[in-house]
Amino acid sequence: MRRPKYYTPNEVSLHNTVEDLWVSYLGKVYDLTPLVKEHQGDVLLKPIIESAGKDISHWFNPKTKDIRTHVDPLSGCKKYYTPSGRFVHVPPPWPCTDWANDFGCPWWRDGCYEVGVLSAKTRHVRIINTLTSQEQMLEVCSEETMSEILQRYLKYNSHAASYTWKYGGVNLDMGKTLSENGIADEDQEFYELRMDRDLFTQSICLYFNDDLTEL
């Protein structure tokens, strides 16, 4: 089974325009750009466009994975709860003959928009190239393996696979996560002790292997 791609909230937030619109909800990341293009000009897109790049989990019931509902105090009927305004595929709050309900699956239940998983916890690591003495601070997903972190680092060093990755002098298992490699997440301790995380972030050292592997 193919591993999902993990994204940080910061990465999702970069996709915040009508031409490139991502959101996250209930732990997943979705590219709603095709939905926006399909319904271009529809006033019901407004709440979605205003939420571009953000997490909208509060729109949903985590148990049913459907839009939250409430009982209307006037009619006593159960209705979708949309405090930000009604949006695409949400039925009108009253009987309406001109509402097209032939769209099939509502977008929030349609897996075609899913692009990955939102990281439950991100981490910062310092990567030091011992050959050039260059350092890079990366924000990574705690669920990512070292090989996936290597992919993030490629934009700084296209030969990253030509290095042996070590922490504390020990070779890292590239198929395991930071925690599985014994690199503990110390963010909570830093917070409690009021320490500057940037000054004490764990460092991973890269040692050149004398080849020029490119990924």
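Look a little higher up for the structure.
Residues numbered from 1 in each chain as written. Predicted model: local features only at pLDDT ≥ 70, side-chain atom pairs only at ≥ 80, totals over all residues. Heavy atoms only, no water.

Asks: Can you explain the overall build of the chain? Please cite residues and give values.
Replies: Counting its regular elements, the chain contains six helices and 14 strands. Its C-alpha atoms give the chain a radius of gyration of 22 Å, more than 25% over the compact-globule value 17 Å for 215 residues. Projected onto its principal axes, the C-alpha positions of the chain cover 70 × 40 × 30 Å. Sorting the 215 residues of the chain into buried and exposed places 37% on the buried side. (Helix = DSSP H or I, 4+ residues; strand = E, 2+ residues; numbered from the N terminus. Rg over C-alpha atoms; globule rule 2.2 N^0.38 Å. Buried < 20%, exposed > 50% of the residue type's maximum accessible area, 1.4 Å probe, protein only.)

Asks: Could you give an account of the packing of aromatic side chains, with specific residues and numbers?
Replies: In this structure the tally under the stated criterion is 13 aromatic pairs. On the numbers, 4.6 Å between centres and 20° between planes, the contact of tryptophan 59 with phenylalanine 87 is stacked. In this pair, tryptophan 59 is assigned in the loop between helix H3 (46-50) and strand S5 (60-61) and phenylalanine 87 in the loop between strand S8 (78-80) and strand S9 (114-118), connecting sequence segments 28 residues apart. When sorted by exposure, tryptophan 59 lands in the same class as phenylalanine 87, which is buried. Ring geometry for phenylalanine 60 and tryptophan 107: centres 6.4 Å apart, planes at 90°, overall edge-to-face. Of this pair, phenylalanine 60 sits in strand S5 while tryptophan 107 is found in the loop between S8 and S9, placing the two residues 47 residues apart along the sequence. Judged by relative accessible area, which is 0%, tryptophan 107 ranks as buried. An aromatic cluster is built from Tyr25, Tyr30, Trp59, Phe60, Tyr80, Phe87, Trp107 and Trp108, whose rings are joined through pairwise contacts. Looking at lysine 166, its charged tip hangs above the ring of tyrosine 207, at a distance of 5.1 Å from the centre. (Phe/Tyr/Trp six-rings, centres within 6.5 Å; stacked < 30°, edge-to-face > 60°. Lys NZ or Arg CZ within 6 Å of the ring centre and 35° of its normal.)

Asks: Outline the sheet that holds strand S2 (residues 16-17), supporting the account with residue identities and numerical values.
Replies: Pairing is mixed across the open sheet formed by five strands, whose spatial order is S1-S9-S4-S3-S2. With partners counted over all chains shown, the strands left at the sheet margins are strand S1 (6-7) and S2, one partner each. With four bridges joining them, strand S3 (residues 20-25) and strand S4 (residues 28-31) adopt antiparallel strand pairing. Looking at the pairing, valine 23 lines up with tyrosine 30 of S4. (Pairing = 2+ DSSP bridges.)

Asks: Talk me through the pattern of salt bridges; I want residue IDs and the actual numbers.
Replies: Counting across every chain of the model gives eight salt bridges. Between arginine 109 and aspartate 66 there is a salt bridge; the shortest N-O distance is 3.9 Å. Note that arginine 109 is positioned in the loop between S8 and S9 and aspartate 66 in strand S6 (residues 66-67), a separation of 43 residues in sequence. Of the residues examined, arginine 109 reaches a relative accessible area of 44% and is grouped as partly exposed. By relative accessible area, which is 16% here, aspartate 66 ends up buried. (Salt bridge = Lys/Arg side-chain N within 4 Å of Asp/Glu carboxyl O.)

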